[in-house]
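One letter stands for each residue in the lines below.
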Amino acid sequence: MTILRIPSPLRPYAGGVSELQIQAENVGQAIEKLTEQYPPLRTHLFSEEGELRPFVNLFLNEEDVRHLQGQETPLHDGDKLMILPSIAGGSQRPS
Amino acid sequence: MNIYLPKDLMDKIHDHGEGTYPEEGAGLLLGRDEDENRVVVDVLPLPNNREDSARHNRYVITPQHLFEGEKQAEARGLDVIGVFHSHPDHPNRPSEFDRTWAVPWFSYIITSVEKGQAVDSRSWRLADDRQKFNEERIVIMETVSR
């Protein structure tokens, strides 16, 4: 089982849960199972095109999965997967 | 929908925006929800992690800083409840870029800083369908934060 940590802004859409245990073969499957269990999360994690939104970062045992095998990164018992958004914004489009 | 903010924390937010001008300054809001209202208990100014050339109209708080902020909040029995950031020489309304990158549930306090002086702050929350922001009223408390 993998421990999946949910950041504070997404917890209201996951029944207030901050951590849950998930059985999944890889990172992508874990996120899919999360959104199946808590459908309101899907709008905020995925774009209309089904891609992870740009501010969504996934860390497996404190390493960004982009540096591993992305959503294909395999999971093992005792792994800790964290969803951590980048917080970004700004006043206008860059010139 | 109101967000309660001690005056000294509003001053701290404004000071941060003035100190980072002409670049955008940002940080986290720590607090709690009480019924339908939100109370800010502390603010955590943070570095703007955007590259130098973009900081005049962009800010980034890294996931690592958010994680550290969450740990600090949890240790104090609080939550990270939002973000504050400044708009140098620009209105304190969310931009389309703000909307694209916004996370739900958070309060976004935006401060307009004109010619180095903080003018006014407004607070916004992303609608659940992500199509717009809804404004929430900032209520300034005269009590000092703890």
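The sections below set out a description of the structure shown in this document. (Residues numbered from 1 in each chain as written. Chains lettered and ligands numbered in written order. Predicted model: local features only at pLDDT ≥ 70, side-chain atom pairs only at ≥ 80, totals over all residues.)

A few words now on the overall build of chain B. Along the backbone of chain B there are three helices and eight strands. Across chain B, helices and strands are ordered from the amino to the carboxyl terminus as β-α-β-β-β-α-β-α-β-β-β. For chain B, whose C-alpha radius of gyration is 14 Å, the value lies close to the compact-globule estimate of 15 Å for 146 residues. On the principal axes, the C-alpha backbone points of chain B span a range of 40 × 35 × 30 Å. For chain B, buried positions account for 47% of its 146 residues. Residue pairs in contact within chain B that sit at least 24 positions apart in sequence constitute 62% of those at least 6 positions apart. (Helix = DSSP H or I, 4+ residues; strand = E, 2+ residues; numbered from the N terminus. Rg over C-alpha atoms; globule rule 2.2 N^0.38 Å. Buried ≥ 20, exposed ≤ 12 C-beta atoms within 10 Å, placed from the backbone. Contact = placed C-beta atoms within 7 Å.)

Within chain A, the regular secondary structure consists of two helices and six strands. Taken from N to C terminus, the helices and strands of chain A fall in the order β-β-α-α-β-β-β-β. Compactness check: chain A gives a C-alpha radius of gyration of 14 Å against a globular reference of 12 Å for 95 residues, within 12% of the reference. Projecting the C-alpha coordinates of chain A onto the three principal axes gives extents of approximately 45 × 30 × 25 Å. Split into buried and exposed, the 95 residues of chain A put 31% on the buried side. Within chain A, counting contacts between residues at least 6 apart in sequence, those at least 24 apart form 53% of the total.

Turning our attention to the sheet that holds strand E1 (residues 2-5) of chain A. The strands that make up a sheet are held in pairs by hydrogen bonds between backbone atoms, and each pair lies either parallel or antiparallel. With respect to topology, five strands assemble into an open sheet ordered E2-E1-E5-E3-E4 (chain A), the strand pairing being mixed. The sheet is open, and its two edges are formed by strand E2 (19-22) and strand E4 (63-64) of chain A, each paired on a single side. Sheet analysis places E1(A) next to E2(A), joined by four bridges and oriented antiparallel. Note on E2(A): the bridge partner recorded for Thr2(A) is Ile22(A). Helix-sheet contacts for helix H2 (residues 63-75) of chain B involve strand E3 (56-60) and strand E5 (80-85) of chain A, and the interaxial angle to E5(A) is about 105°. (Pairing = 2+ DSSP bridges. Axes fitted to C-alpha atoms, helices over the stretch in contact; angles between N-to-C directions.)

As a further point, take the sheet that holds strand E2 (residues 26-34) of chain B. Residue and element names in this part refer to chain B. Strand order in the closed barrel formed by seven strands is E1-E3-E2-E5-E6-E7-E8, with mixed pairing between adjacent strands. Ignoring which end each strand starts from, the neighbouring axes of this sheet average 35° apart. Sheet topology places strand E5 (residues 79-88) next to strand E6 (residues 107-114); seven bridges connect them, and they run parallel. When the bridges of E6 are listed, His85 appears paired with Ile110. Contacting E2, strand E3 (37-46) and E5, H2 runs over the sheet at an angle of about 130° to E5.

Glancing now at helix H1 (residues 7-20) of chain B. All names here are of chain B. The terminal C-alpha atoms of H1, which comprises 14 residues, lie 20 Å apart, in line with the 20 Å expected from a rise of 1.5 Å per residue. Of all the positions in H1, only Leu9, Met10, Ile13, His14, His16, Gly17 and Thr20 are classed as buried. Angularly, the buried residues of H1 cover 155° about the axis, an arc narrow enough to put them on a single face. (Expected span 1.5 Å × (residues − 1). Arc of directions from axis to C-beta.)

Residues and elements named next belong to chain B. If you check H2, its first and last C-alpha atoms are 18 Å apart, about what 13 residues at 1.5 Å a residue would give, namely 18 Å. Burial in H2 covers these residues: Pro63, His65, Leu66, Gly69, Glu70 and Ala73. Taken down its axis, H2 places every buried residue within 155° of arc, on the same side. Residues of H2 that are exposed and angled more than 90 degrees away from the buried face: Lys71 and Ala75. Where H2 ends, the next residue or the one after it, Gly77, has phi of about 75°, a positive value.

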